[in-house]
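Notes for the structure review
Now for the letters of each chain:
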Amino acid sequence: MELRQLEYFVAVAEERNFTRAAERVHISQSGVSAQIRQLERELGAELFDRSARTVTLTVAGKAALEHARAALAAAGAVGQAVGDVTDLIRGHLTVGMVIGCSLTPLFDALAAFHQAHPGVEISLLEDSSDRLIEGVRTGTVDLALIGAATATPDGLDALTIISERLVAAVPAGHPLAKQRRVTLRHLIAYPIVCMPPGTGLRTVFDQACAAQSLQPAISLQASAADAIAGLAARGLAVAVLTDSMAASYRDRLTARTIDDVDTPALLALIWKNTHSPGMRELLVHSRQAFTKPAPATSPRTHGPSRPTSSPPPGRTST
């Protein structure tokens, strides 16, 4: 039994798919399958039920999973322990970022961390906020930048980066542009373009509609603010964005705060474990990057917002 076999086993168990697991561990699908088969022969039991499209663990697989994770963690701890006493930080960290986000302070944090600790391999992945939260909970993601409707997802630590209201954004000639006050009931009279389920902005919007028993017509969905604004500017639907997102398109769109959506959309860094020195150092660099004062003459501003620190440059997706 080899550590790489356990790594492949855990990857397939978490991804529930041999192809995605192979991409995650950077080898071919046939290589993963062969190693898993060899592991099953050594253990004398099948670890996966392969009869359906989604791979599931057998009873034996479920019994082996936590032990496999523990073995991999212990192996990693051996190298880390040596690094600690020699003042070196090694290992691997997976950082998640909500789809459509391009906050430059996150990139600054990763660059500064890499320069200070080149022995740590960093992986960056994009996904929905819901999947990133689950990844942090299960340990497949170490640190994630997510959009959320609550400051701290249950069981996790968080640093709120931005907190701001939802707005309806429309072209200048749209009826909503002529109203000083816009509510959800005004909004649902029109087709809506919004971010997909699993994003913080969409969660805030859906919860606000559900609280009033309203059923909006989400006719279009897009993960990037540019796409949402472009569709709204062409009159296809009313865009639901945040203050800072809409401010980037004020030359094309008029934004009106949705008065009866009081819950803000948040952008936050989340994490669970800080046992490794590498993770602790990455948090230090992240806090520094996101709390650094913005330049006095920034080439792009996001308009009014309610950040917990100076508004970071870059376009946000919550």
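What comes next concerns the included structure. (Residues numbered from 1 in each chain as written. Predicted model: local features only at pLDDT ≥ 70, side-chain atom pairs only at ≥ 80, totals over all residues. Heavy atoms only, no water.)

1. Structural notes on the packing of aromatic side chains
Scanning the model with the defined rule gives 2 aromatic pairs in all. Look at Phe 9 and Phe 48: their rings are 5.5 Å apart centre to centre, the planes differ by 55°, and that puts the pair in the tilted class. Of this pair, Phe 9 sits in helix α1 (residues 3-15) while Phe 48 sits in strand β1 (residues 48-49), and the two are 39 residues apart along the sequence. With respect to class, Phe 9 is no different from Phe 48; both count as buried. Ring plane angle 70° and centroid distance 6.0 Å describe the contact between Phe 18 and Phe 48, whose orientation is recorded as edge-to-face. Here Phe 18 is found in helix α2 (residues 18-25), whereas its partner Phe 48 is found in strand β1, with 30 residues between them in sequence. Classification of Phe 18 by relative accessible area gives buried; the value is 10%. For Phe 48, a relative accessible area of 1% puts it in the buried group. Among the aromatic residues, ring-to-ring pairing joins Phe 9, Phe 18 and Phe 48 into one connected group. (Phe/Tyr/Trp six-rings, centres within 6.5 Å; stacked < 30°, edge-to-face > 60°. Helix = DSSP H or I, 4+ residues; strand = E, 2+ residues; numbered from the N terminus. Buried < 20%, exposed > 50% of the residue type's maximum accessible area, 1.4 Å probe, protein only.)

2. Description of the sheet that holds strand β5 (residues 143-148)
Strand pairing in a sheet relies on backbone hydrogen bonds, with the paired strands running either antiparallel or parallel. If you walk across this open sheet you meet the 5 strands as β4-β3-β5-β12-β6, and the pairing is mixed. Every other strand in the sheet has two partners, leaving β4 (120-127) and β6 (157-164) as the edge strands with one partner each. Taken pair by pair, the neighbouring strands of this sheet meet at an average axis angle of 20°, ignoring direction. Bridge count between β6 and strand β12 (residues 265-271): 7 bridges; the pairing is antiparallel. Residue pairing for β12: Glu 164 is matched across the bridge by Ala 265. Across the face of the sheet, helix α6 (residues 129-138) comes into contact with β3 (91-98), β4, β5 and β12 while running at roughly 140° to β5. (Pairing = 2+ DSSP bridges. Axes fitted to C-alpha atoms, helices over the stretch in contact; angles between N-to-C directions. Contact = heavy atoms within 4.5 Å.)

3. Observations concerning the nonpolar core
By size, the foremost hydrophobic cluster in this structure holds 38 residues, and its most contacted members are Leu 166, Leu 184, Leu 187, Phe 205, Val 240 and Leu 241. Among the elements of the structure, β7 (166-170), α7 (184-187), β8 (192-194), α8 (200-211), α9 (225-233), β10 (238-242) and α10 (243-247) are those that each provide at least two residues to this core. When sequence neighbours within four positions are dropped, the list of residues in contact with Phe 205 reads Leu 166, Leu 184, Leu 187, Ile 192, Pro 216, Ile 218 and Val 240. Val 95, Val 120, Ile 162 and Leu 267 belong to the second-largest nonpolar core, a separate cluster that totals 22 residues. (Core = buried A, V, L, I, M, F, W, Y, C linked by side-chain atoms within 4.5 Å.)

4. Brief notes about the side chain of Arg 202
Considering the arrangement of structural elements, one finds Arg 202 in helix α8. A polar contact of 2.9 Å, which involves the side chain of Arg 202, links it to the backbone oxygen of Met 195. Arg 202 has contacts with Cys 194, Met 195, Pro 196, Pro 197, Ile 218 and Gln 221, leaving out every residue within four places of it along the chain. (Polar contact = N/O pair within 3.5 Å; in protein donor to acceptor, adjacent residues only side chain to side chain.)

5. Re the sheet that holds β8
Strand order across the open sheet formed by 5 strands is β9-β8-β10-β7-β11, with mixed pairing between neighbours. Strands at the two margins of the open sheet, each flanked by one partner only, are β9 (218-221) and β11 (254-257). On average, each strand axis in the sheet is tilted by 35° relative to the strand beside it, whichever way the strands run. Two elements, β7 and β10, share 4 bridges in a ladder whose sense is antiparallel. Residue pairing in the sheet places Ala 168 in a bridge with Val 240 of β10. Running over the sheet, α9 touches β7, β8, β9 and β10 and is turned about 165° from β8.

6. A short note on the packing of helix α5 (residues 104-116) against helix α11 (residues 277-291)
Closest axis-to-axis distance for the α5/α11 pair is 8 Å, and the angle between their directions is 135°. When the axes of α5 and α11 are compared, the pair comes out oblique. Relative to α11, α5 is oriented so that their crossing is right-handed. For the pair formed by α5 and α11, the contact residues are Pro 105, Leu 106, Asp 108, Ala 109, Leu 110, Ala 112, Phe 113 and Ala 116 on the first element and Gly 278, Glu 281, Leu 282, His 285, Ser 286, Ala 289 and Phe 290 on the second. (Parallel < 35°, antiparallel > 145°, perpendicular 65-115°, else oblique. Left-handed = near helix turned anticlockwise from the far one by under 90°.)

7. Here's the deal with the environment of Gln 5
As for its placement among the helices and strands, Gln 5 is situated in helix α1. Gln 5 sits in the buried class, given a relative accessible area of 1%. Distance from Gln 5 to Ser 33, taken between C-alpha atoms, is 9.9 Å for residues 28 residues apart in sequence. The residues touching Gln 5, leaving out its near neighbours within four places in the chain, are Gln 35, Ile 36, Gln 38, Leu 39 and Glu 42. Within the structure, the side chain of Gln 5 is placed 3.0 Å from the backbone nitrogen of Glu 2, a separation counted as a polar contact.

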